[in-house]
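Overview (structure and organization)
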Amino acid sequence: MRKYLQKLKAFMLVTALILFSVAAANAQGREISGTVLDTSFGDPLPGVTVLVKGTTRGTTTDLDGKYTISVQPGDEVLVFSFVGFTPQEVTIGNQSMINIELDEDIQSLQEAVVIGYGTQDKKEITSAVASVSSEQFNRGNFTNPTQLLQGKVAGLSVTRPGGNPNQAPEVRLRGISSFGASQSPLIVLDGVIGASIDAVDPNDIETFDVLKDASAAAIYGTRGAAGVILITTKKGSTKKGVSSVTINTFGTAEAPTNLIPVLSPEEFVSRGGTNFGAQTDWRDEVLQTAYNGTVNATITGGFENTSYSASVNYRNNDGIVQNTNRETLNTRFNISHGALNNRLRLNMNLAFTNTDAQNVNAEAVRYATIYNPTAPIFENTEGANRDFGGFFQRPLFDFYNPVALINQQRFTNEQRAAIYSFRADFDLTDKWTLSSQFSQDKFTDLATQFFSRQDFETGFGRNGQAGQNMFDRTTSIWNGTIRFEDEIADRLNFAFLAGGETQIFEERGMNASSTRFLFDQGPNNLGAGGLRLGPGTGMGSFATRAVLNSLFARANFNYNNTYFLSTSVRAETYSGFGRENQTGIFPAVSAGVDMTQILDMGIFNQFKARASFGVVGQLPPSPTLALGIYGNGNRIPLIPGDPNSVFVGINQLANPNPQLRWENTQEFTVGVDFGLMQGKITGQIDYYQRTISDLIFNTEVPVGAPNEFLPGNFYTATNIWANIGDLTSGGLEFLVSMNDVKLGPVSWTPSLNFTIYQRTRIENIGVGSIQLPEIRQGVPGAPGQNNNPIIWNREGERIGDFYGPRMEGLTDGGEYILSGENPEEFERLGNGLPIGDFGFSNTFIYGNWDLNFLARGSWGHMLYNSFRGFYENADGASNTWNSVITRNTPTNPLVTSTPTFSDLYLERGDFLRLDNLQIGYNLPTTSASINNLRLYAGVQNLITFTQFTGVDPEVRWTDTEDVLNPNPLAPGIERRNTYFLPRIWTMGLTLTFK
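Residues numbered from 1 in each chain as written. Predicted model: local features only at pLDDT ≥ 70, side-chain atom pairs only at ≥ 80, totals over all residues. Heavy atoms only, no water.

**Some thoughts on the pattern of salt bridges**
Side-chain pairs of opposite charge can arise whenever the charged atoms involved come near each other. Basically, it comes down to this: A side-chain nitrogen of Lys or Arg and a carboxyl oxygen of Asp or Glu constitute a salt bridge if their distance falls within 4 Å. Type-normalised accessible area, obtained with a 1.4 Å probe on protein chains alone, sets the label of each residue: buried when under 20%, exposed when over 50%, and partly exposed for intermediate values.
All chains considered together, the criterion is met by 46 salt bridges. The partner of Asp 425 in a salt bridge is Arg 423, with the nearest N and O atoms 3.1 Å apart. We classify Asp 425 as buried; its relative accessible area is 13%. Among the ionic pairs, Arg 570 bridges to Glu 572, the shortest N-O distance being 2.6 Å. With a relative accessible area of 0%, Arg 570 lands in the buried category. Bridged by salt links that share partners, the residues Arg 174, Lys 212, Glu 667, Arg 690 and Glu 733 form one connected network.

Written as structure tokens, this is what we have:
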């Protein structure tokens, strides 16, 4: 990595030298000199760029604002430009002395960055905040808005291993922030805190503002522990009588890639596999080229003091595995109105999203790779037709026809999301503003499961099975703020914000399932199932309600646009914690200084050094944990033989803990925002250290022992939620962009970012008498590896360490020679978390043509290749399944041992991927009604460079073996049900009417 940084420094220095050399080489002819002043204050402006128009010949002003430039015959105009000022052009003529004054570019100086409960001028930001506008978004077909940010923000990881259109990405900001509570950043959508990301379409987003450090996120208190992503949607025009309609439509073709090599039918039989007489490429039978379409229509406009925006977005995404689909219809409406000479500003946002998703059993993906290649798809026998719908099936362990799985099972989700938001701002005076906002975020999900009577995997022994689950979530938020802003002393600007907020979280759900149907009816007639008790059946419901009350304040100081200070504090009371610890205080402070306003910084036109410290909390995963949790127990007949006397007993699931309190995250960040060569090169560098204490975790306790969290009582259940464990982590983030580099007639804008992680370390695991020296997770599974956790999280060591024996070789017969047979002899083999991530974005413009591409990757993480770990050995027991043959598979000799975990099956996950490439052409138009007509084409996942031989080398921040409860303590496992990875080809059209 040190060599990499040296190369980057060398690249920046060489670039600067080239520019200066070009200027020096062209310094010929007569000289013109002069002085450049600031119009407002009459002060000289150092560092102003002076260029001969149409050339690259130029110079900059010195500390006194003076310059000298050589011009040649034919030179006509000088261009004066400086960051924060409006450029000015002056005709040369016969002048030898040209003095000018530059006006401040108010819009540039006040470039607003969205922060908590408002905005702040970019120049005043003293925390680690990153902004990404729509022009910088990734280009392509994305089902989740966070994918627009993939590879764009240092410290932000957006990963989605495989290509399932119904799988949400894992989003991590600065790595691991907890292992018992949420690790996903808080989403704030147009001021709606905690909004569902599904409530906005990628087409409707104008900007992302990412609050990376605790000082920036502390204004959100307990909900900002994993960082905050602020989303601002597109708004209407403020110009009276101006409206426009934009239509963006594109189609995609998605084809499966990177299929793991397996034995041919002949090779499989010669290896000892059973020959059923057919030749079947199961992946050909399960996979497809998916053709999809997206349409977005947006109308924006304004009249008098009103602006509006309305959009409709439709997306259809078939997956490359047959019978997977995601269809989404999103509508959004925004209207803003100014009254009382714009002293009163009203805004309303409405958004509705309908999503219908269909999935297949993820195990069909596994069997499509390893099912016997000599087995036929169908079997025309009386038994097969009667029992299995004509599909070929055999009563062998872990042996299911994948084509039957995707046709005889069905899993659907009908999701409805709605957000209502109403906001009012009133200027009491020019300095005081009152604001209030009410919002409600509603989300419902109706999930169904269906297994045919002839489904061999689940429904066969039960004569079919069907079920439904309903989940409903409503979050209601009201807040009110008062803001003061003024110059309280000479050149000292002061802004103050204070407010209060109430958030109410309500969730409820129910489920029902039954078995034994006379014929297949699907999941919408559960009463037709003959059995309502026993395996595959069930009925339940739940409801929770929690309240979070908050008071907060923030003060910002700006002295002479040179020295900046920001402080904030938030106090919160949450009903879901123990009665002794329901209130938490979360302070933050940050400061910065623009050194270019004090010192001559040479080629730097901006060099703002900053430091920040903040404290944030973390909500528990459920509001009932402190109370102890009770569930339904067994059915109990009070009177033997009387069915009317049967009741359901109570079963305690967890002990109460009235001392349960906030997780506490403290973070310190130092950073620099810099600009070189008059803004041609800009960037940020941040270094942070994070300490997380009092982690909320569910741990085992001995029944009957004293409950130390509730003195005088005893443990009556086998586990308890408690604050147990401390973590430390850190990292370095770097971003550099070169703006509008001229390569002849081509304009190039590159941007590079990377993050180096100091992996999260467990400082201790325990509280009181509960001490856990380690937490072992990550069981590979069946066959034969159900009792062998491969990731050990040990006190004093890093989260995500693989432990096991090392492969020292093979005997002549292909048997393992391992470094140790017992866990006491196992070694640390690597870690599943990355050392670093990077993204390299590029935009090229040539006339009406534009080209954008993103190359991104990660390095330093190990991945357990579970396909190799189970299916590459040539032992007799493995011959039920086909064998994978990758470039890392031993072939001389073949491994004949029963599959056992070792470092043989760990592979480096380092990768470089050309992920998004798009080329577009803006057609010239003379139509009075057409403002823009653009054609474009692109590709996603074009090529990946990696040593990993599994499906996808993407970082696994969690283990998704249990999809509903991803495990952050078992990162780095590629499971056998990982969805295949598609390559996506796109063609589209954007049309804007005036």
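**Points about the confidence of the model for the protein**
Here is the rule we go by: The predictor reports its confidence for every residue as pLDDT, a score running from 0 up to 100. Only DSSP runs of H or I covering at least 4 residues are called helices, and only runs of E covering at least 2 are called strands; the numbering of each starts at the N terminus. Here a residue-residue contact requires only that any non-hydrogen atoms of the pair lie within 4.5 Å.
Considering every residue of the protein, the mean pLDDT works out to 90; 95% of them sit at 70 or more. No element of the protein has a lower mean pLDDT than helix α1 (residues 2-25), at 38, and none a higher one than strand β49 (residues 862-865), at 98. For the stretch residues 1-28, pLDDT sits under 50, and the model shows 26 contacts to residues farther than four places along the chain or on other chains. Predicted confidence is poor over residues 106-110, with pLDDT under 50, and the contacts of this stretch with residues over four places away or in other chains come to six contacts.

**Re the environment of Gly 909**
Along the polypeptide, Gly 909 turns up in the loop between β50 (906-908) and β51 (911-922). The exposure class of Gly 909 is buried, given its relative accessible area of 0%. Separated by 447 residues in the primary sequence, Gly 909 and Arg 462 have C-alpha atoms spaced 42 Å apart. When residues no more than four places from it in sequence are discounted, the contact partners of Gly 909 are Ser 858, His 861, Met 862, Leu 863, Thr 946 and Pro 953.

**Notes on helix α6 (residues 363-370)**
Summarising burial for α6: seven of the eight residues are buried, a large majority. Among the residues of α6, those classed as buried are Ala 364, Val 365, Arg 366, Tyr 367, Ala 368, Thr 369 and Ile 370. Considering only its buried residues, α6 is in contact with α5 (282-286), α8 (402-408) and α9 (866-871).

**With respect to the packing of aromatic side chains**
The geometry of an aromatic ring pair comes down to the distance between the two centres and the angle between the two planes. Our working rule: Between 30 and 60 degrees the pair is tilted, below 30 it is stacked and above 60 it is edge-to-face, where a pair is any two Phe, Tyr or Trp rings, Trp via its six-membered ring, whose centres lie within 6.5 Å. Our definition puts a charge over a ring when NZ of Lys or CZ of Arg is within 6 Å of the ring centre and also within 35 degrees of the ring normal.
Counting across every chain of the model gives 40 aromatic pairs. An angle of 70° between the planes, with centres 5.0 Å apart, marks the rings of Phe 276 and Phe 392 as edge-to-face. Of this pair, Phe 276 sits in the loop between α4 (265-271) and α5 while Phe 392 is found in the loop between α7 (382-388) and α8, placing the two residues 116 residues apart along the sequence. Between Tyr 574 and Phe 577 the ring centres are 5.4 Å apart and the planes differ by 70°, which places this aromatic pair in the edge-to-face class. Residue classification places Phe 577 among the buried residues on the basis of a relative accessible area of 2%. One aromatic cluster is present, built from ring pairs that chain together Tyr 367, Phe 388, Tyr 400, Phe 456 and Phe 460. One Lys or Arg, Arg 794, reaches over the ring of Tyr 803 and ends 4.8 Å from the middle of that ring.

**Comments concerning the sheet that holds strand β6 (residues 88-91)**
Operational definition: Think of it this way: DSSP has to see at least two bridges between two strands before they count as a pair. Note on geometry: axes are lines fitted to C-alpha atoms, helical ones only across the stretch in contact, with angles between N-to-C directions running from 0 to 180 degrees.
What the four strands build is an open sheet, ordered β3-β2-β5-β6; its pairing is antiparallel. This sheet does not close on itself; its edge strands, each paired only once, are β3 (58-60) and β6. The sheet shows a mean angle of 20° between the axes of neighbouring strands, taken without regard to direction. Here strand β2 (residues 49-52) runs beside strand β5 (residues 77-81); their pairing, made up of four bridges, is antiparallel. The residue of β5 that forms the bridge with Leu 51 is Val 79.

**Let's talk about the sheet that holds strand β4 (residues 66-71)**
Taken in spatial order, the three strands make up an open sheet running β4-β1-β7, and their pairing is mixed. Looking along the sheet, the strands with just one partner apiece sit at the ends: β4 and β7 (100-102). Across the sheet, the axes of successive neighbouring strands diverge by a mean angle of 35°, strand direction being ignored. Across six bridges, strand β1 (residues 30-38) lies against β4 in antiparallel orientation. The residue of β4 that forms the bridge with Arg 30 is Val 71.

**Re the nonpolar core**
Our working rule: Residue types Ala, Val, Leu, Ile, Met, Phe, Trp, Tyr and Cys, when buried and joined through side-chain atoms within 4.5 Å, form a set referred to as a nonpolar core.
Counting 48 residues, the largest nonpolar core has Val 321, Phe 802 and Tyr 864 as the members making the most contacts within it. Elements with a minimum of two residues in this core: α5, α6, α8, β45 (816-818), β49 and α9. If you tally residues by element for this core, the top one is α6, at five residues.

**Looking at the side chain of Lys 152**
Basically, it comes down to this: Charged-residue counts in this description rest on Lys and Arg as positive and Asp and Glu as negative, His and the chain ends being excluded. Within 3.5 Å is the distance limit for a polar contact, defined as a pair of N or O atoms, with the added protein rule that one can donate a hydrogen and the other accept it, and that residues adjacent in sequence qualify only through two side-chain atoms.
Within the secondary structure, Lys 152 sits in the loop between β10 (129-133) and β11 (156-159). Salt bridges are absent for the buried Lys 152, whose nearest opposite-charge side chain, Asp 915, sits at 10 Å. Here Gln 136 takes part through its backbone oxygen, which lies 3.0 Å from a polar atom of the side chain of Lys 152. When residues no more than four places from it in sequence are discounted, the contact partners of Lys 152 are Gln 136, Phe 137, Asn 138, Asn 753 and Ser 841.

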